[in-house]
Amino acid sequence: MEVSIVTPRKSLAEKVFGFGGYYYGNNSHKRRGNEAQSSQDEDNDGGLELMEIGAERTKNVLILMSDTGGGHRASAEAIRDAFQIEFGDEYRIFVKDVWKEYTGWPLNDMEGQYKFMVKHVQLWKVAFHSTSPRWIHSVYLAAIAAYYAREVEAGLMEYKPDIIISVHPLMQHIPLWVLKWQGLQKKVIFATVITDLSTCHPTWFHPWVNRCYCPSKEVAKRASQDGLEESQIRVFGLPIRPSFARAVLVKDELREELGMDPDLPAVLLMGGGEGMGPVKKTAKALGESLFDKETEKPIGQIVIICGRNKSLVSSLESLEWKVPVKIRGFETIMAKWMGACDCIITKAGPGTIAEALIRGLPIILNDYIPGQEKGNVPYVVENGAGVFTRSPKETARIVAEWFSTKSDELKKMAENSLKLAQPEAVFDIVRDMHELAQQREPANFPYLLTSSFTSLI
């Protein structure tokens, strides 16, 4: 359960001076008066100031994420939910974009910058590869830290985490520097949960983390090559929300519930949250290929997820279809739609791939974002769980063959998908972090403001 802590937003001075009951100068601090202390106690009625002793003390977990693509938030919320299911009130979980809430430009606008660059995909490709060398990203991260480390530190002070989890490649370096400068590295557990299946930007890998949770052996190999020790690396899979990963679904029942044809095989066509890509062209091609002109009967049905793209929904609804078609906007029951279908067409987003594998769906990948998604294509294809083509007509031809003359190939790929799936990954991750937390001494330690970051940098 995510807990909202500060409303309205406080200034940096209020966050730093108002939370811990101390004034901080460059080299000293002074106790505040009784009146101020009373005000502080009232502010903490929400339960953040925890003074219980030893094992009975609720531990705080701070998950750092950013909405640069949907996968980071989805992974953060999956971890939050798994902690709650496995350990109940032992942990208090905060899912936060500390960069957006506590820093200035450019960190507080990473979401907008990312969306702009992926729409101009060559720009993103240049940015991804030009910042890959360690000496380059180390320099710009150190420069950013010189400006914003104190603000990030104030955010950490606000939540007083016992465990910090990063699910974003740019959310390791500054918090780890803060912990080192405060002398808290051996008291606060820091873990990275990588949300890319194969091709990873080097900023994911930091040698100071306690754990680096990798979704695949390919990523674990990259982590090792970038200097992480074997003891730091765990390969559990991509964290998928428990409500999806552990859902028990019956296809016949789902099709009845969703108003689908009970007998025809079904293909799920995904356009992502924004309904991007060649969705309309692919849908029209499927409409032709899944209609048998000799018998004048459909050989399959189509489910199209258009996301937030309302114009795409309207455009598809205006077409005449010869086969059964379900046209949907933004969906919150993807587990059911996947469970009701027999294969999926999507771009190479890691979250969608991992979910499709859990549902045992053969995958047709029709696009990828250069950099982090490029490696997802061979991950799927080489493991026999799907194919890759950018052509809508070729996509439609493959689906038609799977639903007719090549049904054995469809069945084999479905089996391979299930073999590759890791539905328990998120629970393996939180259990491992819990074991780490059990090994640490009770963490009733102070978060104090470091005297000078710029001199340390």
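To be clear, the structure that these remarks concern was listed above.
Residues numbered from 1 in each chain as written. Predicted model: local features only at pLDDT ≥ 70, side-chain atom pairs only at ≥ 80, totals over all residues. Heavy atoms only, no water.

Attention now moves to the packing of helix α7 (residues 134–159) against helix α8 (residues 173–182). At their nearest, the axes of α7 and α8 sit 9 Å apart, and the two run at 70 degrees to each other. In terms of orientation, α7 lies roughly perpendicular with respect to α8. Note that α7 runs across α8; the crossing there is right-handed. Side by side, α7 and α8 meet where Leu 141, Ala 142, Ile 144, Ala 145, Ala 149, Val 152, Glu 153 and Leu 156 of the first sit next to His 173, Ile 174, Pro 175, Trp 177, Val 178, Trp 181 and Gln 182 of the second. Split by residue class, the contact of α7 with α8 holds twelve nonpolar, two polar and one charged. (Axes fitted to C-alpha atoms, helices over the stretch in contact; angles between N-to-C directions. Helix = DSSP H or I, 4+ residues; strand = E, 2+ residues; numbered from the N terminus. Parallel < 35°, antiparallel > 145°, perpendicular 65-115°, else oblique. Left-handed = near helix turned anticlockwise from the far one by under 90°. Contact = heavy atoms within 4.5 Å. Nonpolar A, V, L, I, M, F, W, Y, C, P; charged D, E, K, R; others polar.)

This part takes up the sheet that holds strand β5 (residues 163–166). In spatial order, the strands read β4-β3-β5-β6-β7-β8; together these six strands make up an open sheet with parallel pairing. Strands with a single pairing partner mark the edges of an open sheet, and in this sheet they are β4 (91–96) and β8 (233–235). Recorded for the sheet is a direction-independent mean angle of 20 degrees between the axes of neighbouring strands. Here helix α9 (residues 217–225) sits on the sheet in contact with β7 (211–214) and β8, set at roughly 170 degrees to β8. (Pairing = 2+ DSSP bridges.)

The tendency in soluble globular proteins is for nonpolar side chains to be buried as a group. In this structure, Trp 99, Ile 174, Ile 194, Phe 205 and Cys 214 are the most contacted members of the largest nonpolar core, which totals 39 residues. Sorting the residues of this core by element identifies β3 (59–64), α4 (98–102), α7, α8, β7 and α9 as the ones contributing at least two each. Among the nonpolar cores identified, the runner-up in size contains 35 residues, and Phe 244, Val 303, Ala 354 and Ala 421 belong to it. (Core = buried A, V, L, I, M, F, W, Y, C linked by side-chain atoms within 4.5 Å. Buried < 20%, exposed > 50% of the residue type's maximum accessible area, 1.4 Å probe, protein only.)

Going through the model one piece at a time under the given rule, you end up with seven aromatic pairs. The interplanar angle of 25 degrees and the centroid separation of 5.9 Å between the aromatic rings of Tyr 213 and Phe 236 together place this pair among those described as stacked. Pair noted here: Tyr 213 is in strand β7 and Phe 236 is in the loop between β8 and α10 (242–245), with a separation of 23 residues, a long-range link. Three or more aromatic residues joined by ring pairs make a cluster, and in this case those are Phe 83, Phe 87 and Tyr 91. Taking NZ or CZ as reference, Arg 246 lies 3.6 Å from the ring centre of Phe 427, over its face. Above the face of the Phe 244 ring, Arg 359 is positioned so that its terminal group lies 4.9 Å from the ring centre. (Phe/Tyr/Trp six-rings, centres within 6.5 Å; stacked < 30°, edge-to-face > 60°. Lys NZ or Arg CZ within 6 Å of the ring centre and 35° of its normal.)

Turning next to the pattern of salt bridges. One pass over the full model with this rule turns up 20 salt bridges. Linking Asp 432 and Arg 211 is a salt bridge whose minimum nitrogen-to-oxygen distance equals 2.7 Å. Of this pair, Asp 432 sits in helix α19 (residues 425–439) while Arg 211 sits in strand β7, and the two are 221 residues apart along the sequence. The class for Asp 432 is buried, based on a relative accessible area of 8%. In this structure, Arg 431 and Glu 424 form a salt bridge, with 3.8 Å as the shortest nitrogen-oxygen distance. (Salt bridge = Lys/Arg side-chain N within 4 Å of Asp/Glu carboxyl O.)

On to the side chain of Asp 97, then. On the secondary structure map, Asp 97 appears in the loop between β4 and α4. Despite its burial, Asp 97 remains without a salt bridge, the nearest opposite charge being carried by Lys 100 at 4.4 Å. One polar contact links the side chain of Asp 97 to the main-chain amide nitrogen of Lys 100, over a distance of 3.0 Å. (Lys, Arg positive; Asp, Glu negative; His and termini not counted. Polar contact = N/O pair within 3.5 Å; in protein donor to acceptor, adjacent residues only side chain to side chain.)

Moving on, we get to helix α11 (residues 251–258). Taken together, the buried positions of α11 are Leu 254, Arg 255 and Leu 258. Mapping the buried residues of α11 onto a view down its axis gives an arc of 100 degrees, with all of them on the same face. Those residues of α11 that are exposed and aimed more than 90 degrees away from the buried face are Asp 252, Glu 253 and Glu 256. In the core, the buried residues of α11 are packed alongside β9 (266–270), β12 (301–305), β13 (325–328) and α14 (334–340). Two residues or fewer after α11 comes Gly 259, characterised by a positive phi angle close to 75 degrees. (Arc of directions from axis to C-beta.)

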